[in-house]
Amino acid sequence: MKLVHISDIHINPEPILGIDPVANFKACIDHVAEFQPDADRVVITGDLTHHGRRESYELLRGMLDQSALKNDLAPRLLIGNHDDRDTFRAVFPEAAADHNGHVQWYEDVAAGRFVYLDTSEKGTDAGHYGEERRAWLAHVLDLAREDGVPAWIFMHHNPAAVHVANADQIGLVDEAAFQALVSDYRDVVRHIFFGHCHYTLSGMIDGIPFSAPRSTCHTCWPDFSGIANRMGYGDLVPNYNVCMLNERSTVIHSVDFLDQHKVKWRMD
């Protein structure tokens with residue numbers, strides 16, 4: 001199964017740190033449509049907008065409606081800390097949600113079961129996945145175990161500290177409880193996909209691998225100085241990930257879509 005993982009598109013009418021988020025996202029989805037038409041799913045793991053404003057969600061809706069990504073390729077949309085849940089659901093009323101109104105659901109795909117989480121909490125940039133939401137996830141993973149299918153988790157916030165102070169101060173507040181939960185389902189959870197940090201990441205939690213692409217807008221630089229109020233950014237290339245999922249392996253490629261024009265081909 002082929003998955004395209006996009007994150008942190010930050011749709012906004014005005015530039016962010018000198019970068020046009022709308023132009024970059026359009027270039028991203030156009031690239032996906034042209035070069036990954038055989039993908040089975042496209043998932044965007046949050047920070048759909050920069051300020052959670054209705055005009056930005058309407059702009060995103062229009063871009064997706066005009067995109068060639070339709071039907072199974074229509075992007076699955078998760079929300080992040082820059083989003084507003086109520087405004088998102090008003091503009092995307094078809095978006096799935098649990099019985100408490102959180103934008104989280106699951107669906108069966110060729111590789112198993114994709115589980116989409118809502119780690120957003122109004123009024124804070126930090127991630128929250130409290131007892132109520134963890135109970136929902138435990139139930140979903142119980143069902144996957146009973147059905148004998150692997151689960152692939154998607155979320156906005158990083159599920160573990162990444163040792164970059166600027167990111168970790170707004171990481172998942174319930175990190176220890178979340179990690180304990182997924183650890184109990186190591187036989188079920190195959191991989192965790194996330195965003196939030198704006199740079200390419202990979203690692204694992206108790207043997208469960210995780211990965212993240214860069215932002216399609218303002219890509220950041222991982223800074224290990226320990227200075228929490230310092231963020232590195234600049235003329236850095238955005239990307240999306242192409243993930244090949246099957247029973248025995250998971251392979252993830254990072255595609256620097258704005259660099260496509262630099263590619264030269266040789267055939268012997």
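The structure we're discussing is the one just above.
Residues numbered from 1 in each chain as written. Predicted model: local features only at pLDDT ≥ 70, side-chain atom pairs only at ≥ 80, totals over all residues. Heavy atoms only, no water.

## Points about the packing of helix α4 (residues 131–147) against helix α6 (residues 175–183)
Note the following rule: Throughout, an axis means a line fitted to C-alpha atoms (over the contacting stretch in the case of helices), and angles, computed between N-to-C directions, take values from 0 to 180 degrees. Secondary structure is summarised from DSSP: a helix means a run of H or I of at least four residues, a strand means a run of E of at least two, and numbering begins at the N terminus for each. Any angle between 65 and 115 degrees counts as roughly perpendicular, while under 35 counts as roughly parallel, over 145 as roughly antiparallel, and the rest as oblique. Throughout, a residue-residue contact means that at least one pair of heavy atoms, one from each residue, lies within 4.5 Å.
Direction vectors running N to C along α4 and α6 enclose 10 degrees, while the axes themselves pass 11 Å from each other. Looking at the two axes, α4 sits roughly parallel to α6. Contact with α4, carried on its side by Arg134, Leu137 and Ala138, involves Ala177, Phe178 and Leu181 of α6 and no other residues of that element.

## Describing the environment of Ser249
Position of Ser249 relative to the elements: it lies in the loop between β12 (240–245) and β13 (250–255). The spatial distance from the C-alpha of Ser249 to the C-alpha of Arg190 is 9.6 Å, given a sequence separation of 59 residues.

## Here we look at the pattern of salt bridges
Our working definition: Salt bridges are identified by distance alone: a Lys or Arg side-chain nitrogen within 4 Å of an Asp or Glu carboxyl oxygen. The buried label applies to any residue whose accessible area, calculated with a 1.4 Å probe on protein chains only, is under 20% of its type's maximum; exposed applies above 50%, and partly exposed to all values in between.
This model, assessed by the stated rule, comprises 19 salt bridges. Glu58 serves as the salt-bridge partner of Arg54, at 2.8 Å between the closest nitrogen and oxygen. Of this pair, Arg54 and Glu58 both sit in helix α2 (residues 54–66), separated by four residues, roughly a single helical turn. The exposure class of Arg54 is partly exposed, given its relative accessible area of 43%. Overall, Glu58 belongs to the partly exposed group, its relative accessible area being 40%. Asp118 is the partner of Arg85 in a salt bridge, and the nearest nitrogen-oxygen pair spans 2.8 Å.

## Section: α4
Test applied: Given the number of residues in a helix, its expected span is that number minus one, multiplied by 1.5 Å.
With 17 residues, α4 should reach 24 Å at 1.5 Å per residue; the first-to-last C-alpha distance of 24 Å fits that figure. Among the residues of α4, Arg133, Arg134, Trp136, Leu137, Ala138, Val140, Leu141 and Ala144 are the ones counted as buried. Against the buried residues of α4 lie α3 (85–91), β4 (105–109), β5 (112–116), β6 (151–154), α6 and β7 (189–193). A positive phi of about 70 degrees marks Gly148, the residue just after α4.

## Digging into the side chain of Asp83
To keep it simple, the criterion reads: Only four residue types enter the charge count: Lys and Arg as positive, Asp and Glu as negative, with His and the chain ends excluded.
The residue Asp83 is located in the loop between β3 (76–78) and α3 in this model. Arg85 is the oppositely charged side chain nearest to the buried, salt-bridge-free Asp83, at an N-O distance of 9.7 Å. Ignoring sequence-local partners within four residues, the contact set of Asp83 consists of Gly46, Asp47, Leu48, Thr49, Gly52, Tyr57, Leu78 and Ser120.

## A look at the packing of helix α1 (residues 21–35) against α2
What counts here: Should the near helix be turned counterclockwise from the far one by less than a right angle, the crossing is left-handed, whereas a clockwise turn marks it as right-handed.
Running from N to C, α1 and α2 point in directions that differ by 25 degrees, and their axes come no closer than 11 Å. In terms of their interaxial angle, α1 and α2 are classed as roughly parallel. Handedness of the crossing formed by α1 with α2: right-handed. For the pair α1 and α2, contact is made by Val22, Phe25, Lys26 and Ile29 and by Leu59, Leu60, Met63 and Leu64, respectively.

## Some details on the packing of aromatic side chains
The test is simple: Think of it this way: a Phe, Tyr or Trp ring, Trp meaning its six-membered ring, pairs with another when their centres are within 6.5 Å, and the plane angle makes it stacked under 30 degrees, edge-to-face over 60, tilted otherwise.
Under the definition given, this model contains 10 aromatic pairs. With a centroid separation of 5.9 Å and an interplanar angle of 90 degrees, the aromatic rings of Tyr129 and Phe178 are classed as edge-to-face. In this pair, Tyr129 is assigned in the loop between β5 and α4 and Phe178 in helix α6, connecting sequence segments 49 residues apart. Residue class for Phe178 comes out buried when judged on its relative accessible area of 0%. With a centroid separation of 4.7 Å and an interplanar angle of 15 degrees, the aromatic rings of Phe154 and Phe193 are classed as stacked. Remark: Phe193 occurs in strand β7 and Phe154 occurs in strand β6; sequence separation between them is 39 residues. Among the aromatic residues, those joined into a cluster by ring pairs are Trp105, Phe114, Tyr116, Phe154 and Phe193.

## Focus: the pairing of strand β1 (residues 2–6)
Put simply, the rule is: Only when DSSP finds a minimum of two bridges between them are two strands counted as paired.
For β1, the tally of buried residues reaches five of five residues, placing the bulk of the element in the interior. Of the two faces of β1, the one holding Lys2, Val4 and Ile6 and the one holding Leu3 and His5 are both buried throughout. Note that β1 and β12 share four bridges and pair antiparallel. When the sheet's bridge partners are listed, Lys2 is paired in β12 with Met244.

## Focus on the sheet that holds β6
As summarised here, the arrangement of the six strands in space is β4-β5-β6-β7-β9-β8, forming an open sheet in which the pairing is mixed. Of all the strands in the sheet, just β4 and β8 (201–205) have a single pairing partner and so form its edges. Averaged over all adjacent pairs, the angle separating strand axes in this sheet is 20 degrees, with direction ignored. α4 rests against β4, β5, β6 and β7 of the sheet, and its axis sits at about 175 degrees to β5.

## Description of a nonpolar patch on the surface
Selection rule: Patch criteria: residues need more than 30% relative accessible area and no salt bridge. Like-charged residues are merged within 9 Å; nonpolar side chains of Val, Leu, Ile, Met, Phe, Trp and Tyr are merged within 5 Å. With residues, only the protein chains shown are counted as cover, and all accessible areas are computed by Shrake-Rupley using a 1.4 Å probe.
Taken together, Leu17, Met231 and Tyr233 make up a surface patch of nonpolar side chains, about 280 Å² in accessible area. With respect to the helices, strands and loops of the structure, Leu17 is situated in the loop between β1 and α1. A residue is classified by how much of its surface remains accessible, and Leu17, at 40% relative accessible area, is partly exposed.

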